Amino acid sequence: MGDSTGHKHKHLEFTLAAVSELSSSSSVSSSSTPVIARFSADDGVAALRFHQGSEFIDGFNVDLGTSQLFKLGPLQSLCVSESADTNKEGVSIRFRNEEESRDFHSAFEQWQMESKGTHLPNGDISVSKSKFDNKIEPSSAKMYFHYYGQLLHQQNMLQDYVRTGTYYAAVIENRVDFTGCVVVDVGAGSGILSLFAAQAGAKHVYAVEASEMADYARKLITGNPTLGQRITVIKGKVEEAELPEKADILISEPMGTLLVNERMLESYIIARDRFLVPNGKMFPSTGRIHMAPFSDEYLFVEIANKALFWQQQNYYGVDLTPLYGSAFQGYFSQPVVDAFDPRLLVCPPMCHVLNFNEIKEEDLYEIDIPLKFTASVGTRVHGLACWFDVLFNGSCFIDSTVQRWLTTAPGAPTTHWYQIRCVLSQPIYVMAGQEITGQLHMIAHNAQSYTIYLTLSAKMWGPGAEQGGIIQTSSCKLDLKEPYYRMSQPQPYTMAQDQQPHQLLQAEDIPPIHTEDLDLEELELLQQPSEPLGAQ
């Protein structure tokens, strides 16, 4: 395989397993002579042609200016022409392995840009629509980049000392991974991670940032000349930017609430596929979403009471009650972002692992997590609590390097991500030892976030339980883009800085919640929503 970085290269070739034309039974395999897909620009126009041996395969040429490439499976893709005057349905391409499939798709995108006249010298950005533009709503992208282009927001993240300090420690303690290496900082923001990488001895750092913050990053990096002389800021999206060389290490802070909000993880994966050398390192390399059912009567009542406004039957002579049901469900469609006491959890947590070295971008479009817990106490379950952590995995075979976790767990030092809770409008009751099952299903949408579908069920308990069966089920739909930020509530107690994530939550440390500990007024408040809730 050749290089694929622009018109300065005359051609790029891929060896295929097979190629076939969908409109006929014509098919060519590489069983005897290899089938070659060749991107070429011999006459100044980018084109894709297929040949076997020294002969071009007639009827299999692809016009890059009017075609789209679709991935049908790990080793199968379909190239379809959009031209109105063509009688071809498309060309089916089969690859020998997943790495070659990934490289082919990346090359197709780059050469397609050239076919439309968008020359891409190093550091320049294509004006054609990128993969990011095709899947993200323009108004959402505009607000997103405006938000991250402000110094006040960058300051908020920099002052999250758990976040910034953990990144610094992960880089400096693993300087052997960075020394003499090329690093790409994905979504560089202020450039702080690029400066950390330079401190750790990186040979050169490419700081890729799409927002106006790129200009501030240049100022900050210029103001630190000893480090800045090894850092180049590239203003643009990682889906579009061109770099003069491959990276040995990617570093990024792509996490949003619930790990996946803002969909920057997809850009991190795209940067991996475009820029990282084989077996290169990623900081972070792994993410885990942790989940556990919780019981919080006060939070439940607080949300339910927001809708009481719509129960007024004489609001300036107007009956508002027709909108009460919609308002009630609307408030429960907002995930709650705050820091809560881990003693509110009623089960030991489970986790869903995302390996950034292996996961495909498409795997993040829809995430389906089966849930299974065993209740530690008898109580009323109000929903599912979630948090995440990420791993910075140094070269473990070298004594001078370490693994370091950045956790957002309840009870750990609070970060700007806090935790997130999905609250059910209909709680379920469980007994100690009872099994809770369900599903957390997340579907990405073009506002750079996810729609969440949560179901929790209590399985049968007592005699006959071995026969299975569900006795209670509650579901909800939430929009991760529209959370309820509940920051004015009391913060959780802190723990020792060296405490590991798996030490934070133990079932025996979670006491039951007893209503007898509440006074009469509190009990009356908790009981108020029970009637209207049952009517929903």
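Residues numbered from 1 in each chain as written. Predicted model: local features only at pLDDT ≥ 70, side-chain atom pairs only at ≥ 80, totals over all residues. Heavy atoms only, no water.

1. Description of the overall build of the protein
Check the secondary structure of the protein and you find 14 helices and 25 strands. In the protein, buried positions account for 51% of the 536 residues. Restricting the contact set of the protein to residue pairs at least 6 apart, pairs at least 24 apart contribute 72%. With an accessible surface of roughly 24,500 Å², the protein has 51% of that area assigned to carbon and sulfur atoms. (Helix = DSSP H or I, 4+ residues; strand = E, 2+ residues; numbered from the N terminus. Buried < 20%, exposed > 50% of the residue type's maximum accessible area, 1.4 Å probe, protein only. Contact = heavy atoms within 4.5 Å. Areas by Shrake-Rupley, 256 points an atom, 1.4 Å probe, with all protein chains shown as cover.)

2. A closer look at empty space enclosed by the protein
Taking a probe equal in size to a water molecule and rolling it over the atoms shows the remaining empty space. Here the structure, examined in full by the defined rule, presents one cavity of 30 Å³ or more. Its boundaries defined by the atoms lining it, the largest cavity holds a volume of some 40 Å³. In terms of lining, the largest cavity is formed by Thr-257, Leu-258, Cys-386, Trp-387, Phe-388, Thr-408, Trp-417, Tyr-418, Gln-419 and Ile-420. Residues that form the lining of the largest cavity fall into these classes: seven nonpolar, three polar and no charged. (1 Å grid on protein atoms, 1.4 Å probe; cavity = no way out; pocket = protein on both sides within 12 Å on 5 of 7 lines; lining within 4 Å. Points joined across faces, edges and corners; volume = space filled by probe spheres on them. Nonpolar A, V, L, I, M, F, W, Y, C, P; charged D, E, K, R; others polar.)

3. Observations concerning the sheet that holds strand S11 (residues 204-209)
Sheet strands line up and pair through hydrogen bonds in the backbone, either parallel or antiparallel. Taken in spatial order, the five strands of this open sheet run S12-S11-S10-S13-S14, and their pairing is parallel. Two strands in the sheet have a free side with no partner beyond their single neighbour: strand S12 (231-235) and strand S14 (276-283). Taken over all neighbouring pairs, the strand axes of this sheet differ in orientation by 25 degrees on average, direction set aside. Pairing geometry for strand S10 (residues 182-186) and strand S13 (residues 247-252), over four bridges, is parallel. Its bridge partner lying in S13, Val-184 is registered against Leu-250. The strands that helix H8 (residues 213-222) touches are S11 and S12; relative to S12, the one it contacts most, it runs at about 165 degrees. Lying on the sheet, helix H10 (residues 264-275) is in contact with S10, S13 and S14; it crosses S14 at an angle near 145 degrees. (Pairing = 2+ DSSP bridges. Axes fitted to C-alpha atoms, helices over the stretch in contact; angles between N-to-C directions.)

Everything listed is a geometric property; what it means functionally is a separate question.
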